[in-house]
Amino acid sequence: QVQLVESGGGLVQPGGSLRLSCAASGSIFRINYMGWYCQAPGKQRELVATFTSGGTTNYADSVKGRFTISRDNAKNTVYLQMNSLKPEDTAVYYCNAFVLEFPNRNYWGQGTQVTVSS
């Protein structure tokens, strides 16, 4: 089992910045890779940014150049630095971990609300 706890969401004005954190605990040695997804009202959950199993990164086109995913392996924590935020970035942001167990599965955090509004 893996537990994911997000923090760092909130209300920010357009053009502002936020940094989300996701701390993993439990069977962290089974985690293959981690990333961030978001879900806006009435929409499906979608990828924002993720590490791959090879250690590279993937970003949604809408956030390239504005968001940066990073990690601190010593703290078992993944971050999402969000700059130049836009109202359309408003969503609940979820941390995701793909875990190698039987069967392999995705784990999700509880989500953190990000609201971009003036």
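Cut-offs used in this document
- Residues numbered from 1 in each chain as written.
- Predicted model: local features only at pLDDT ≥ 70, side-chain atom pairs only at ≥ 80, totals over all residues.
- Heavy atoms only, no water.
- Helix = DSSP H or I, 4+ residues; strand = E, 2+ residues; numbered from the N terminus.
- Rg over C-alpha atoms; globule rule 2.2 N^0.38 Å.
- Buried < 20%, exposed > 50% of the residue type's maximum accessible area, 1.4 Å probe, protein only.
- Contact = heavy atoms within 4.5 Å.
- Areas by Shrake-Rupley, 256 points an atom, 1.4 Å probe, with all protein chains shown as cover.
- Lys, Arg positive; Asp, Glu negative; His and termini not counted.
- Charge placed at Lys NZ, Arg CZ, Asp CG, Glu CD.
- Pairing = 2+ DSSP bridges.
- Phe/Tyr/Trp six-rings, centres within 6.5 Å; stacked < 30°, edge-to-face > 60°.
- Lys NZ or Arg CZ within 6 Å of the ring centre and 35° of its normal.
- Salt bridge = Lys/Arg side-chain N within 4 Å of Asp/Glu carboxyl O.

J.: Where do I start with the overall build of the protein in this structure?
T.: On a plain count of helices and strands, the protein comes out with zero helices and eleven strands. Counted from the first residue to the last, the protein has its helices and strands arranged as β-β-β-β-β-β-β-β-β-β-β. Its C-alpha atoms give the protein a radius of gyration of 14 Å, within 12% of the compact-globule value 13 Å for 118 residues. C-alpha extents for the protein along the principal axes are approximately 45 × 25 × 25 Å. Going through the 118 residues of the protein one by one, you find that 42% of them count as buried. For the protein, restricting intrachain contacts to residue pairs at least 6 apart in sequence, the fraction spanning at least 24 positions comes to 52%. With an accessible surface of roughly 6400 Å², the protein has 48% of that area assigned to carbon and sulfur atoms. Each charge sign in the protein was given a centre, from 10 positive and 7 negative side chains, and these centres are 3 Å apart.

J.: Please clarify how the pairing of strand β9 (residues 91-99) should be interpreted in this entry.
T.: Each regular strand shows side chains that alternate between the opposite faces of the sheet. For β9, the buried fraction is high: eight of the nine residues fall into the buried class. Sheet analysis places strand β4 (residues 31-39) next to β9, joined by eight bridges and oriented antiparallel. Bridged to tyrosine 33 within β9 is phenylalanine 98. As judged from the three bridges shared by β9 and strand β11 (residues 112-116), these two strands associate in the antiparallel manner. Across the sheet, the residue bridging to valine 92 is glutamine 113, located in β11. In the sheet, β9 pairs with strand β10 (residues 105-108) via four bridges, with the strands oriented antiparallel.

J.: For this particular structure, what's the right way to read the pairing of β11?
T.: Burial of the side chains of β11 is restricted to one face: Thr112, Val114 and Val116 are buried, whereas none of Gln113 and Thr115 on the reverse face is. Pairing between strand β2 (residues 10-12) and β11: three bridges, direction parallel. When the sheet's bridge partners are listed, valine 12 is paired in β11 with valine 116.

J.: What exactly am I supposed to notice about the packing of aromatic side chains here?
T.: Two measures describe an aromatic ring pair: the distance that separates the ring centres and the angle between the ring planes. Tallying each qualifying case throughout the model produces two aromatic pairs. Geometrically, the ring pair formed by tyrosine 33 and phenylalanine 98 is stacked, given 5.3 Å between the ring centres and 20 degrees between the ring planes. Of the two residues, tyrosine 33 sits in strand β4 while phenylalanine 98 sits in strand β9, which places them 65 residues apart along the sequence. On the accessibility criterion, tyrosine 33 (26% relative accessible area) is partly exposed. Take phenylalanine 98: its relative accessible area is 19%, and that puts it in the buried class. Its guanidinium or amino end placed over the ring of tryptophan 108, arginine 45 lies 4.6 Å from that ring's centre, counting from NZ or CZ. In this structure, arginine 71 packs its charged tip against the face of phenylalanine 51, placed 4.2 Å from the ring centre.

J.: Looking at this model, I keep getting lost on the pattern of salt bridges. Mind explaining?
T.: Pairs can form between side chains of opposite charge whenever their charged atoms are close. Evaluated as defined, the whole model comprises two salt bridges. Salt-bridge contacts for aspartate 61 lead to lysine 64; the nearest nitrogen and oxygen are separated by 3.1 Å. For aspartate 61, a relative accessible area of 64% puts it in the exposed group. Arginine 66 serves as the salt-bridge partner of aspartate 89, at 2.8 Å between the closest nitrogen and oxygen. In this pair, aspartate 89 is assigned in the loop between β8 (77-82) and β9 and arginine 66 in the loop between β6 (57-59) and β7 (67-72), connecting sequence segments 23 residues apart. According to the relative accessible area criterion, aspartate 89 is buried, its value standing at 6%.

Everything listed here is a matter of geometry and, on its own, says nothing about what the molecule does.
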